[in-house]
Amino acid sequence: MEKTVSELEYLGLSAWQKFGYNFCAFFRKLPAAFLSIFTVLIPKLARKVWGAIKSFFTTLYNAMVHGDWKTRLAFVVMGSSQLARKQIARGLMFLAFEVLFILYMVCFGGVQLGELSAPDGFVGSHVTAPGGWVNGEWVDRDVGSDSRLVLLYGILTIIFIVAFAYAWYANIKSAYAVQQYQEARQHITTAKEDLNALADSQYHKTLLTGPLIGLTIFTILPIIFMVFLAFTNFDQQHMAPAQRFQWIGWENFKSLFSGGVAFGRVFGKLLLWTVVWAFFATFTNYILGMIVALVINKKGIRLKKLWRTVLIMTVAVPQFVSLLLMSQMFGLYGAINTIFGTHVNWLGGDPTLARFMVILINIWVGIPFTMLMVTGILMNIPADLYESAKIDGAGPVRMYFKITLPYVWHVTTPSLISNFIGNLNNFGVIFLLTGGGPSYTDGKSDPAGQTDLLITWLYKLVMDKNLYGLASVISIMMFLITAVISLIVYNRSKAVKNEEDFM
Amino acid sequence: MEATTKQKKMRSMKVMRRTTNAIIYVILVVISIIWLFPFFYLIIQSLRGETGNYTNYFFPKKWTFDNYIHLFTNEGYNSGTGKIESLQAYNFMTWYGRTFLIAVVVTIVQTVIVLVTSYALSRMRFKMRKPLMNLMLILGMFPGFMSMTALYFLLQLIGLTQNMSTVGLILVYVGSSCMGYYICKGFFDTIPKSLDEAARIDGASRQLIFFKIILPLSKPIIVYTLLTAFMGPWGDYMFASLIANGNPAYWNVAVGLRDMVQPQTLLTYSDSFQRFCAAGVVVSLPITILFFILQRYYVEGVTGGSVKG
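Residues numbered from 1 in each chain as written. Chains lettered and ligands numbered in written order. Predicted model: local features only at pLDDT ≥ 70, side-chain atom pairs only at ≥ 80, totals over all residues. Heavy atoms only, no water.

**Student:** How do you make sense of the overall build of chain B when you look at a structure like this?
**Tutor:** Across its full length, chain B carries 15 helices and 2 strands. Computed over its C-alpha atoms, the radius of gyration of chain B comes to 26 Å, more than 25% above the 19 Å expected for a compact globule of 309 residues. Structurally, chain B occupies a C-alpha span of about 90 × 80 × 30 Å along its principal axes. Expressed as a percentage of its 309 residues, the buried residues of chain B come to 53%. Summarising the internal contacts of chain B: among those between residues at least 6 apart in sequence, 69% fall at separations of at least 24. When the accessible surface of chain B is summed, it comes to about 14400 Å², and 67% of that surface belongs to carbon and sulfur atoms. Within chain B, one finds 27 positive and 13 negative side-chain charges whose respective centroids are separated by 12 Å. (Helix = DSSP H or I, 4+ residues; strand = E, 2+ residues; numbered from the N terminus. Rg over C-alpha atoms; globule rule 2.2 N^0.38 Å. Buried < 20%, exposed > 50% of the residue type's maximum accessible area, 1.4 Å probe, protein only. Contact = heavy atoms within 4.5 Å. Areas by Shrake-Rupley, 256 points an atom, 1.4 Å probe, with all protein chains shown as cover. Lys, Arg positive; Asp, Glu negative; His and termini not counted. Charge placed at Lys NZ, Arg CZ, Asp CG, Glu CD.)

This is the structure in structure tokens:
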């Protein structure tokens, strides 16, 4: 049973005891924090979604019941209300979008949606072409459509349908609004005024349209594609251009969670190491980086700029160069063994040593970043805090624990969280240093190695084994893990209180 | 009597401070050696004249620029025959030129996108603002690699993979760059809102405020964004290797350099490691020089934007 201390007792603790107490408290509260996702966040989200749905139907209802014939016509012919009320440009745009959409759906969209699930359960329909004689029998060639492209086109069509639905809703909303303006004899904006608003009150639309289109095509579309792939058997036996893959439901997820399958066990092992790695990589960098920053910025130390510049070299030189170089230096015949006259395989021999070395080299890579950040924060600490502490008779050690450390800790918590999440997915350091090796000796874990993170394993599964379906499942699991961790931490940390209304 | 004890105490404190400072200097020197050693090693190895990827001594016995020359002429010592032969697959100049071109284009476009997104999210208040920020936060939690394979298929579909891979890579790097708005927005948030309000009373539009007030005040963050935007594609390995699909003609510098130190390559060519070092120097030089010139802005960006939420 854990003890809880009262406020007064807590204030009486020493700095280390406080730290220990908070550290334990964090883990003790972890289950509650995890539960709060279900008890607080999800209801909150559900209420938001419910509110959005309600306002959607209220708008439609109002337009239907209170609208005149021009507004009601907008349900079928987009832009009609605006056209009838002299908002010609706006009306024409809505109308043109509708015509474009109908043309697209008739010519391509309908076919593509049908192709998504062909009658035989595959993605893309079966097409045969004249083949050749096999064992004295004429066999047709299977030139089925490319499943990947069918899937992509299908998702594009779905995105287009969603965009159209939104435009349709906006059209009705605007149709009813313009009717109300007319009834109230208010001014109806002209095309020129609308255009001017795009540089002023509506400037965010001008600014964000381009970036958001990019985001949709290059981030959202691929993620939807990946989620769909998780439910297919896209692998070596079903390589897309030549063969079609098919929908297999939750099979991939099952193979990940059934411990009997080697695959599930590898996932467990790598997940554990990924979390351990992220923990050590983040906190060693943070603590040591802070110490280095404090040492450099100590009063009376000269050549501050020189020390800082030396460390910044690591930031300035492209990381892949220094990492590849490190991987060679720590090799069996590399510089380190030459200098010390040893014969140790630092990165490819003993797995524990390799893991230790990876974390060590990551410290080399990461300390300068922390050092820079902490240096900036130290300069921002108000000097009068120290002065009043000095008048009260506080020594340097005390000032450090009472002022410097709390201040730095408070300000850097958000970056600590994002560093942790970044380290969970730190492809570069692991892949370029060890390539995931040394390999497991049990012979069942191929292609995963002992220092592989989930992300590098993913890379190998796709590049070497072509296991796209399974890799997608792992991606989804990684997303869930990251999301849960960040939700818990974001909800608990005080420094990000203003992000409290997250979702 | 009392004065002497005080003096003694002062003296002992002085001695203590001196010793701590001395220890700190020793630590700093050790740190500097550890941090500079790899770069020092990189440079001297790139100038080593003897072949053989590994030597059992530290300083080269023969100094030469041959490694740099061979890097650009794409030649190497075959360890079997011991003769110089042309490396068919390699084309360092092309890799370098392509990576540079991609990085420059991406830098410009990405900076514009990041500035524009940050301004909208920092200065404007609209209904979708908060949901949009949350959406980008959530999208950022998906492991990038898997969506990259989807992007690869997408690029294949529109024919931007093989000899058009430069365009494809630019599109991909630029495509989701608005998600990197965070630090830049943090900076914009620190510019007082009263400036905007005063300008608006004088009749300035949002657009005018952006160009005439916010941008001129944002030099540090613009430079920071330019610098980080350049470093991204300049050092990217994951997507570049995916889109090249093992074809050396479409590599970038990171993929090419990694190939030079693969065990197989090291075994075949006895000067591969030295050429790798030369390539490392050539790749690092422009960005390092640029970085040190613009160091002040980078530090301001790291300390200014990243810690204010």
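**Student:** I keep staring at the interface of chain A and chain B and nothing clicks. Help me out?
**Tutor:** How big an interface is tends to be stated in terms of accessible area lost as the parts join. Facing 91 residues of chain A, the contacting portion of chain B comprises 92 residues. Interface area for chain A against chain B, summed over the two sides, is near 8500 Å², with a carbon-plus-sulfur share of 80%. Counting the surface chain A buries against chain B, the share from its top three residues, Phe218, Phe320 and Gln328 of chain A, is 8%. Between the two partners, chain A and chain B, sit 1 salt bridge. Its salt-bridge partner being Asp200 of chain A, residue Arg200 of chain B comes within 3.2 Å of it at the nearest N-O pair. Residue contributions to the side of chain A that touches chain B peak at 18 residues, all from helix H8 (residues 203–229) of chain A. Residue composition of the side of chain A that touches chain B, by class: 67 nonpolar, 18 polar and 6 charged. (Buried area = accessible area lost by both parts, 1.4 Å probe. Salt bridge = Lys/Arg side-chain N within 4 Å of Asp/Glu carboxyl O. Nonpolar A, V, L, I, M, F, W, Y, C, P; charged D, E, K, R; others polar.)

**Student:** Would you explain the confidence of the model for chain A in this entry?
**Tutor:** Residues shown with low pLDDT carry predicted positions that ought not to be read at fine detail. Residues at a pLDDT of 70 or more form 92% of chain A, whose mean pLDDT is 83. pLDDT under 50 marks residues 494–503 of chain A. Its contacts with residues more than four places away, or in other chains, come to 22 contacts. (pLDDT = per-residue confidence, 0-100.)

**Student:** How should the packing of aromatic side chains be read in this particular structure?
**Tutor:** On inspection of all chains with the given rule, the structure shows 53 aromatic pairs over all chains. Considering the side-chain rings of Phe234 of chain A and Tyr468 of chain A, the 4.2 Å spacing of their centres and the 20° angle between planes classify their relative orientation as stacked. Placement of the pair is Phe234 of chain A in the loop between H8 and helix H9 (251–257) and Tyr468 of chain A in helix H19 (residues 468–492), with a sequence separation of 234 residues. Comparing Phe234 of chain A with Tyr468 of chain A shows no difference in burial state: the two are buried. Ring centres of Phe234 of chain A and Phe153 of chain B lie 6.1 Å apart, and the angle between their planes is 35°; on these two criteria the pair is classed as tilted. A residue pair is termed interchain when its members come from two chains, as with Phe234 of chain A in the loop between H8 and H9 and Phe153 of chain B in helix H5 (residues 144–157). Phe234 of chain A sits in the buried class, given a relative accessible area of 2%. Among the aromatic side chains, those forming a connected cluster through ring pairs are Phe72, Tyr90, Phe92, Trp95, Tyr96, Phe100, Phe230, Trp234 and Trp251 of chain B. Directly above the ring of Tyr440 of chain A sits Lys269 of chain A, whose terminal nitrogen or CZ lies 4.0 Å from the centroid. (Phe/Tyr/Trp six-rings, centres within 6.5 Å; stacked < 30°, edge-to-face > 60°. Lys NZ or Arg CZ within 6 Å of the ring centre and 35° of its normal.)

**Student:** What should I look at first to understand a nonpolar patch on the surface in this one?
**Tutor:** Residues and elements named next belong to chain A. Where nonpolar side chains cluster on the molecular surface, the patch consists of Trp16, Phe19, Phe23, Phe26, Phe27, Leu272, Val276, Phe279 and Phe280 and spans about 920 Å² of accessible area. Mapped onto the nonpolar patch, the elements with two or more residues apiece are helix H2 (15–66) and helix H10 (262–296). With 5 residues, the single largest contributor to the nonpolar patch is H2. In this structure, Val276 sits in helix H10. (Patch = residues over 30% accessible without salt bridge, like charges linked within 9 Å, V, L, I, M, F, W, Y side chains within 5 Å.)

**Student:** Looking at this model, I keep getting lost on the domain arrangement of chain A. Mind explaining?
**Tutor:** Residues and elements named next belong to chain A. By domain assignment, chain A separates into domain 1 (14–62), domain 2 (67–130 + 139–249) and domain 3 (259–499). Distance between the C-alpha centres of domain 2 and domain 3: 42 Å. Counting each side, the surface lost to burial between domain 2 and domain 3 is near 750 Å², with a carbon and sulfur contribution of 69%. If you sort the residues of domain 2 by the area they bury against domain 3, Met226, Ala230 and Phe234 come out on top, with a joint share of 50%. Between domain 2 and domain 3 we count 3 residue pairs in polar contact (both at pLDDT 80 or more) in total. A breakdown of the residues in the side of domain 2 that touches domain 3 according to their chemical character gives 6 nonpolar, 2 polar and 1 charged. (Domains from an automatic or database assignment. Polar contact = N/O pair within 3.5 Å; in protein donor to acceptor, adjacent residues only side chain to side chain.)

**Student:** In this structure, what is going on with unusual backbone geometry? I would like to understand it.
**Tutor:** Excluding glycine, residues mostly carry a negative phi; peptide bonds, for their part, are mostly trans. All names here are of chain A. The phi dihedral of Lys86 falls on the positive side, at around 70°, and the residue is not glycine. Along the chain, Lys86 falls in the loop between helix H4 (80–84) and helix H5 (88–116). Relative accessible area serves as the criterion here: at 74%, Lys86 is assigned to the exposed category. At Asn466, a position not held by glycine, the phi torsion is positive, near 55°. Note on Asn466: relative accessible area 15%, which makes it buried.

**Student:** What am I meant to see in the nonpolar core here?
**Tutor:** If you look at soluble globular proteins, the nonpolar side chains tend to sit buried side by side. In this structure, Trp277, Trp457 and Ile474 of chain A together with Phe92 of chain B are the most contacted members of the largest nonpolar core, which totals 201 residues. Each residue touching Trp277 of chain A, except ones within four places of it in the same chain, is listed here: Val358, Ile359, Asn362, Asn423, Asn426, Val429, Ile430 and Leu453 of chain A. (Core = buried A, V, L, I, M, F, W, Y, C linked by side-chain atoms within 4.5 Å.)

**Student:** Would you mind showing me how to read H5 of chain B here?
**Tutor:** An α-helical turn contains 3.6 residues, so any two residues separated by three or four positions project in the same direction. All names here are of chain B. In a regular helix each residue adds 1.5 Å, so 14 residues correspond to 20 Å; H5 covers 20 Å between its end C-alpha atoms and thus fits that length. Most of H5 is tucked away, with 11 of its 14 residues classed as buried. Once H5 finishes, Gly159 follows within two positions and takes phi at roughly 70°, a positive value. (Expected span 1.5 Å × (residues − 1).)

**Student:** Just to check I follow, could you spell out the packing of helix H2 (residues 66–73) of chain B against helix H14 (residues 272–293) of chain B for this structure?
**Tutor:** Between two packed helices, what matters for the description is the angle formed by their axes and the separation of those axes. Residues and elements named next belong to chain B. Between H2 and H14, the shortest axis-to-axis distance is 9 Å and the interhelical angle comes to 80°. Accordingly, the angle class assigned to the pair H2 and H14 is roughly perpendicular. The segment H2 lies against H14, with Asn67, Tyr68, His70, Leu71 and Phe72 engaging Gln274, Arg275, Ala278, Ala279, Val281 and Val282. Among the residues forming the contact of H2 with H14, the class breakdown is 7 nonpolar, 3 polar and 1 charged. (Axes fitted to C-alpha atoms, helices over the stretch in contact; angles between N-to-C directions. Parallel < 35°, antiparallel > 145°, perpendicular 65-115°, else oblique.)

**Student:** What is the right way to read the pattern of salt bridges from this model?
**Tutor:** When their charged atoms lie close together, side chains carrying opposite charge are able to pair. Residues and elements named next belong to chain A. What the rule picks out here adds up to 8 salt bridges over all chains. Here Asp452 makes a salt bridge to Lys460, at a shortest N to O gap of 2.7 Å. Using a relative accessible area of 0% as the deciding quantity, one classes Asp452 as buried. Accessibility expressed as a relative area gives 10% for Lys460, which makes it buried.

**Student:** Any chance you could explain the domain arrangement of chain B here in plain terms?
**Tutor:** Residues and elements named next belong to chain B. Here chain B is described as being made up of domain 1 (1–46) and domain 2 (92–305). Its C-alpha centre places domain 1 at a distance of 40 Å from the equivalent point of domain 2. With 5 residues of domain 1 at the contact, the number on the domain 2 side is 6 residues. Around 450 Å² of area is buried between domain 1 and domain 2 when both sides are counted, 81% of it from carbon and sulfur atoms.

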